[in-house]
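Coordinate inspection notes
One-letter residues, chain by chain:
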Amino acid sequence: ASPLAGAALYASFGGGYLAILDAATFLVTIGALLSVRIAETTPSATAGQPLRTELLAGAAHLRRTPLLAQITLTATVAFLVIGFYESVTFAVIAAIGRPPSFFGVLMSIQAIGSIAGGLAVGPLIRRVGEARTLGIALAAWAIASLIYTIPALPASCAALAIFGIAVPLNVVVISNATQRYTPPQLQGRVVAASNMATNLAQTLSITIGAALVDTIGYKPLLIIVAIVATAAIPAMAFPAQPPARPALAIRDPSPAA
């Protein structure tokens, strides 16, 4: 609902008021997070280990766990081009003759796809595993990108719906796998290493996309996304085996537990 509401507010009052409202929603979120009570595990002593070893422990765990290494590498390669969508979508809106505020409508369509993908990702992981689910997400991104090259409203809506389905598949696979196959004392560092790889790749792709969209046009960028998304093929055809024993869940450290 929020993309449609945002588009209406933007068209009626301008971006400044919309930015203030957006900031206010984050303040509400901060308040909600501060109210959450948690029971954390006691950090384990790591005396004697070099600082460099501690800092790189998360990346080292990703590298030595075949499934996590495959997922992280595949997702990072995909994120090197996925950021193109940040600039491409506005070029598509111009190509189909719609105002910039139509971005909110397209994002709502993407959100509907994301709801569907969010409902499907759990059963899909249980059925085919994390690596193949990630492969399906990237294959969907490739299909969506090819459809997005067609400068017509129905094609744009269909492309973003498919793209929306793929988004939660990708996000849930990465977060689910890094938590399932990482011991509790490494969870923070492993998640940080995984996020750094994918977020850095996405940041670079957003910059590159913004620089190239007015130079070569949006269609070549979408074709590049589709080609790079074929990184999904190894994950789908040759998924790495998960560790024999998944990491145990973090237990409540209270005396009662």
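Above this note sits the structure.
First things first, this report covers the structure right here in the doc. As a convention, each chain's residues are numbered from 1 in the sequence order in which they are written. Thresholds applied to this predicted model are a pLDDT of at least 70 for local features of residues and 80 or more for the giving and counting of side-chain atom pairs; totals over whole chains, interfaces and linings are not thresholded and use all residues. Only hydrogens and water are removed before side-chain values are computed, so all heavy atoms of the structure are retained for them.

What follows concerns the overall build of the chain. The number of helices and strands found in the chain is 12 helices and zero strands. A helix here means a DSSP run of H or I that spans at least four residues, while a strand means a run of E at least two residues long, and both kinds are numbered starting from the N terminus. Listing each helix as α and each strand as β along the chain from the N terminus yields α-α-α-α-α-α-α-α-α-α-α-α. Expressed along its principal axes, the backbone C-alpha trace of the chain runs to roughly 60 × 45 × 35 Å. For every residue, the accessible area obtained with a 1.4 Å probe (protein chains only) is divided by the maximum for its type, and the residue is called buried under 20%, exposed over 50%, and partly exposed between those limits. Of all 257 residues assigned to the chain, the portion counted as buried reaches 36%. Accessible area for the chain stands at about 14,400 Å²; split by element, carbon and sulfur atoms hold 69% of it. Taking the average location of the 13 positive side-chain charges in the chain and that of its 7 negative ones, the two points are 12 Å from each other. Using a 1.4 Å probe, the Shrake-Rupley method yields the accessible areas, and only the shown protein chains count as cover for residues. The charge count includes Lys and Arg as positive and Asp and Glu as negative, but it does not include His or the ends of the chains. Charged groups are reduced to one reference atom each: NZ for lysine, CZ for arginine, CG for aspartic acid, CD for glutamic acid.

Quick look at the environment of Arg132 now. By the secondary structure assignment, Arg132 is in helix α8 (residues 130–148). Taking C-alpha positions, Arg132 is 24 Å from Ser205, a pair spaced 73 residues apart along the chain. When near neighbours in sequence (up to four residues on either side) are disregarded, Arg132 contacts Ala235, Met236, Ala237 and Pro239. By the criterion applied in these results, polar contacts are pairs of N or O atoms within 3.5 Å in which, for protein atoms, one can donate a hydrogen and the other can accept it, and in which residues neighboring in sequence qualify only through two side-chain atoms. There is a polar contact of 2.9 Å between the side chain of Arg132 and the backbone oxygen of Met236. In this description, contact between two residues means that some pair of their heavy atoms is separated by no more than 4.5 Å.

Positionally, Thr182 belongs in the loop between α9 (153–180) and α10 (187–216). The class of Thr182 is buried, set by a relative accessible area of 0%. A distance of 3.3 Å separates polar atoms of two side chains, one belonging to Thr182 and the other to His61.

Nonpolar side chains in soluble globular proteins tend to end up buried together. Among the nonpolar cores identified, the biggest contains 51 residues, and Tyr85, Val88, Leu106, Trp141 and Tyr148 are the most heavily contacted of them. Elements with a contribution of two residues or more to this core: α4 (57–64), α5 (66–82), α6 (85–95), α7 (103–128), α8, α9, α10 and α11 (218–228). Sorting elements by how many residues they give to this core places α9 first, with nine residues. Contacts of Val88, omitting those with residues within four sequence positions, involve Tyr148, Tyr218, Leu221 and Leu222. Working definition of a nonpolar core: buried Ala, Val, Leu, Ile, Met, Phe, Trp, Tyr and Cys residues. They are joined through side-chain atoms within 4.5 Å.

Here the focus is the pattern of salt bridges. By definition, a salt bridge exists where a carboxyl oxygen of Asp or Glu is found within 4 Å of a side-chain nitrogen of Lys or Arg. One pass over the full model with this rule turns up one salt bridge. A salt bridge links Arg180 to Glu130, with the nearest nitrogen and oxygen atoms 3.0 Å apart. Of the two residues, Arg180 sits in helix α9 while Glu130 sits in helix α8, which places them 50 residues apart along the sequence.

It is worth spelling out the packing of aromatic side chains at this point. Two rings belonging to Phe, Tyr or Trp (six-membered ring only in the last case) form a pair when the distance between their centres is within 6.5 Å. Interplanar angles under 30 degrees mark stacking, angles over 60 mark edge-to-face geometry, and anything in between is tilted. According to the stated counting rule, one finds six aromatic pairs in the structure shown. Here the aromatic rings of Phe13 and Tyr17 are separated by 6.4 Å at their centres, their planes lie at 65 degrees, and the arrangement is edge-to-face. Here Phe13 matches Tyr17 in class, with each residue exposed. A centroid spacing of 4.8 Å and a plane angle of 10 degrees characterise the contact between Phe90 and Phe103, whose relative ring orientation is stacked. With Phe90 in helix α6 and Phe103 in helix α7, the pair connects residues that are 13 residues apart, well separated along the chain. We classify Phe103 as partly exposed; its relative accessible area is 28%.

All right, on to α4 then. Considered for burial, the residues of α4 that qualify are Ala57, Gly58, Ala60, His61 and Leu62. Lining the buried residues of α4 we find α3 (51–55), α5, α9 and α10.

Before going further, it helps to examine a nonpolar patch on the surface. Patch membership requires over 30% relative accessible area and the absence of a salt bridge. Like charges are linked within 9 Å, and nonpolar side chains (Val, Leu, Ile, Met, Phe, Trp, Tyr) within 5 Å. A surface patch of nonpolar side chains, about 350 Å² in accessible area, is lined by Leu80, Leu200, Leu204 and Ile208. Residue contributions to the nonpolar patch peak at three residues, all from α10. Tracing the backbone through its elements, the reader meets Ile208 in helix α10. Residue class for Ile208 comes out partly exposed when judged on its relative accessible area of 41%.

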